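# Coordinate analysis (summary)
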There are 2 protein chains.
Amino acid sequence: MLVKEKVEQAVSILKELDVDCWLTFTRESQINGDPSLAFLLDGDVTWHTALIVTSSGDTRAIAGRYDVKAIEDVGAYRQVVGYVEGIREPLLAAIREIDPKTIAVNFSQDSEICDGLTHGMYLALHGLLAEIGCAERLVSAERVVSALRQRKTAAEIQAIRRAVRAAEVIFDEAAGFIRPGVTEQEIARFMQDAAKKAGHDLAWEARACPSVFTGPETAGAHYAPTGRAVERGHIVNMDFGVKALGYCSDLQRTYYVLEEGEASAPAEVWKGFDAVVEAIDRARRALKPGALGHEVDAVARRHVVESGFEEFPHALGHQVGRFSHDGTALLGPPWEKYARKPFQPIEAGMVFTLEPRVTVPGRGIATIEEMVLVKQGGSEYLSTPQVELVLI
Amino acid sequence: MLVKEKVEQAVSILKELDVDCWLTFTRESQINGDPSLAFLLDGDVTWHTALIVTSSGDTRAIAGRYDVKAIEDVGAYRQVVGYVEGIREPLLAAIREIDPKTIAVNFSQDSEICDGLTHGMYLALHGLLAEIGCAERLVSAERVVSALRQRKTAAEIQAIRRAVRAAEVIFDEAAGFIRPGVTEQEIARFMQDAAKKAGHDLAWEARACPSVFTGPETAGAHYAPTGRAVERGHIVNMDFGVKALGYCSDLQRTYYVLEEGEASAPAEVWKGFDAVVEAIDRARRALKPGALGHEVDAVARRHVVESGFEEFPHALGHQVGRFSHDGTALLGPPWEKYARKPFQPIEAGMVFTLEPRVTVPGRGIATIEEMVLVKQGGSEYLSTPQVELVLI
């Protein structure tokens, strides 16, 4: 169902971008899965497989014989051709018949999500197309794949909303579990068990989903929970997400563990927390179709620095979709590793995280990650924004 | 532990093959995972990451700042360098310092398992190396990666034995569940539940693990179980495997459902089944270090044809490891799609499936898949070979 909807969307994107043919070329997709495949098929393929979509609405699949029936069942392809010995003949016949001006394939230096074609498969395809004089027609499908992933359909947004809600419930449950003496690992296990009980897969590798950091001098991010125990006076933060119907949530929440006799967090903790809350809301207000990612990043980054904290050593936010890190356009600074991602214009239908962070010396890291949907003229929260420290 | 062992093995393979530097270059490994990564790291990385192993035993990792601590923990790298803005500077500094004659990277037209480098990342690396005049040193690491995957260590073989045993137990349990009227889907659910109860992940995508085919005129292979019910007089076959400690099993078993009053299967069913059993054992006897995959394939293929059946439209067997389809060398015919895989010499330490099939008209498909380990001078079964039809 989703595949048919996305393949139809691909046809209209090809028309709009004036790209006449998009070719996804893959093999053994369990091993080197092209991230575009989930929009084109319902499962894995084994042998060399070509999935062709044209701007005129022609849709064809060429696959090893035992993969044919599962591809036919998807119902998205006008023609499914099977082979036993090799893809060369049926693939070249199809390209000859379509005779496209350009053949857009899934590679990109800038965008990993558009870069599913391996170098060996590129060479193989180039060699085959050279036989019929078409090798020079190969171009990057970055714009096609970016548009297809970032323009979320109603069904995709619905799935993401479910994943967000499910993670929020588990964050709330965790607040009742966090207490002095409990370790990061125990908190993580509690959350993973809750996800399992609710029937949700984790949004990223289990080793660090959730990440849990308590107190000062931790690894800071992307690190597995340790045996370190929660102490009074610590800031605790967690990064967690689940999948619903194949789509992810990715959220962070911040907690403070009261000292004996303390009625609220110390002023410096609130100051850090409030800087994060305000940076997120300013960025959300700047996030609208036509804005550029680095401009939105700068709004939050500037607020954090003006509030007296060091700037965060990462992008403000990334897109979310079938992966927790998804899409090309990024709300990030113009650093080398982000290439042109922060210069892609923002479009309606994109789903972003907003996740600035500040370090409160001696206490820990205050960091919140919200998720927002870009709409005509602005953007709205998909998550319920955290505006108060959770006091433990 | 496994990572340290495999990185040490990589150093000795580089020496043996006279390749002075192996570079694995990846980013967002959740999205485009290089299949070599599991031998080099314990988890995923986010930003551009270079993992360097040299024939002199130098081991270095260059990664985004938040990935550094997890890589340090692996204990396999002499030096781990983190960066914030981009990998360009630390990567070029390392290459300048090592100054290798060649830089072997993970691409291969022939072997998907050696083809983890995406085309966009190849272009990015080529561009960076061109700045210091080293782009022409890039070569394929196919021989390095193939050797590393196929020369299984004692720990890897132990894990595969556990995965084989676990799957065999579930096949046995399934024999008690198969009966007339039960559907392919119900049998599959029974087996998946059994795997879950035993705490094992499935060896490939759940949609078709197990595959279950009852009677004639089925999709034949790689297809999801359907609502078709088992009938008396049907051959039932199943393809199933689980993972243990990250390593797979991949087995097929064949059952016959007796007609009322029948004491055994009809002669034509036995004839097909026996042809498969004998083809497997002949192939196993031909499988030894130094043999070529297409020769071993031909032994089984010839026996099937000489027994009066059509030849199977696929390879006799593939390697098994962290993926159910693993490795480069293949026991297959010299068909286009298999490229040079059937011409790679067989080595001790390889684990192969042997899986010929025959169609028995009006009854179904007799197919057995065993797993074997190549040793000095021959090969031994890792699975307990099926030599009798299971009569239901």
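Source: prediction; values computed, not measured.

## Points about the relation of the copies chain A and chain B
Once turned by 180° and shifted 0.0 Å along the axis, chain A lies on chain B with an RMSD of 0.0 Å. In the structure described here, the two chain copies are related by an operation that fits a two-fold rotation axis. Taken together, the interface assignments show that 100% of the residues at the interface of chain A recur at the interface of chain B, consistent with an identical surface on both copies.

## Topic: the packing of aromatic side chains
Applying the stated rule across the entire model yields 12 aromatic pairs over all chains. Consider the rings of W270(A) and F273(A), whose centres lie 5.8 Å apart with planes at 90°: the pair is edge-to-face. In this pair, W270(A) and F273(A) are both assigned in helix α8 (residues 267-286), three residues apart and thus about one turn of the helix distant. Each member of the pair, W270(A) as well as F273(A), carries the same accessibility label: buried. Above the plane of the ring of W47(B) lies K337(A), whose end atom (NZ or CZ) is 4.4 Å from the centre. Between the NZ or CZ atom of R301(B) and the centre of the ring of F312(B), over which it lies, the distance is 4.2 Å.

## What about the pattern of salt bridges?
Where side chains of opposite charge bring their charged atoms close, a pairing between them can arise. Tallied over the full model, the rule gives 53 salt bridges over all chains. Across the salt bridge formed by R285(A) and E278(A), the nearest N and O atoms sit 3.7 Å from each other. By relative accessible area, which is 28% here, E278(A) ends up partly exposed. Taking the shortest distance from any N to any O, the salt bridge between R207(B) and E205(B) comes out at 2.8 Å. Each of E278(A), D281(A), R282(A), R284(A) and R285(A) takes part in a single network of salt bridges with overlapping partners.

## What to know about the domain arrangement of chain A
Residues and elements named next belong to chain A. Annotation of chain A at the domain level lists domain 1 (2-149) and domain 2 (151-391). Contacts between the two partners involve 19 residues from domain 1 and, on the opposite side, 16 residues from domain 2. Taken together, both faces of the contact between domain 1 and domain 2 bury some 1,500 Å²; the carbon and sulfur share is 43%. On the domain 1 side of the contact with domain 2, D110, I113 and R149 bury the most area, a combined 37% of that side's loss. The tally of links between domain 1 and domain 2 comes to six salt bridges. Among the ionic pairs, R149 bridges to D326, the shortest N-O distance being 2.6 Å. Put simply, the parts of the chain that give the side of domain 1 that touches domain 2 at least two residues each are α1 (2-17) and α5 (142-150). Here the side of domain 1 that touches domain 2 takes six residues from α1, the largest share from any one element.

## What about the interface of chain A and chain B?
Where interface size is quoted, it is often the accessible area lost as the parts come together. At the junction of the two partners, chain A supplies 61 residues and chain B supplies 61 residues. Buried surface at the junction of chain A and chain B, summed over both partners, amounts to about 5,400 Å²; 54% is from carbon and sulfur atoms. For chain A, the biggest contributors to the area lost against chain B are Y66(A), H119(A) and K337(A); these three give 15% of the whole. Along the contact surface separating chain A from chain B lie two salt bridges.

## Some remarks on the sheet that holds strand β11 (residues 247-248) of chain B
All names here are of chain B. An order of β7-β10-β11 is seen for the three strands of this open sheet, with the pairing classed as antiparallel. If you trace the sheet from one side to the other, it starts and ends with β7 (201-202) and β11, each paired once. Two strands pair when backbone bridges link them, and β7 and strand β10 (residues 242-244) are joined in this way by two bridges, in the antiparallel orientation. Paired with L202 across the strands is V242, a residue of β10.

## Side note on the side chain of H325(B)
Secondary-structure assignment places H325(B) in the loop between β13 (317-319) and β14 (326-331). Within the structure, the side chain of H325(B) is placed 2.8 Å from the side chain of E28(A), a separation counted as a polar contact. Residues contacting H325(B), with those up to four places away along its chain left out, are E28(A), I31(A), T46(A), I113(B), H222(B), D250(B), H318(B) and Q319(B).

What counts, and at which threshold
- Residues numbered from 1 in each chain as written.
- Chains lettered and ligands numbered in written order.
- Predicted model: local features only at pLDDT ≥ 70, side-chain atom pairs only at ≥ 80, totals over all residues.
- Heavy atoms only, no water.
- Least-squares fit on C-alpha atoms with pLDDT ≥ 70 in both.
- Contact = heavy atoms within 4.5 Å.
- Phe/Tyr/Trp six-rings, centres within 6.5 Å; stacked < 30°, edge-to-face > 60°.
- Helix = DSSP H or I, 4+ residues; strand = E, 2+ residues; numbered from the N terminus.
- Buried < 20%, exposed > 50% of the residue type's maximum accessible area, 1.4 Å probe, protein only.
- Lys NZ or Arg CZ within 6 Å of the ring centre and 35° of its normal.
- Salt bridge = Lys/Arg side-chain N within 4 Å of Asp/Glu carboxyl O.
- Domains from an automatic or database assignment.
- Buried area = accessible area lost by both parts, 1.4 Å probe.
- Pairing = 2+ DSSP bridges.
- Polar contact = N/O pair within 3.5 Å; in protein donor to acceptor, adjacent residues only side chain to side chain.

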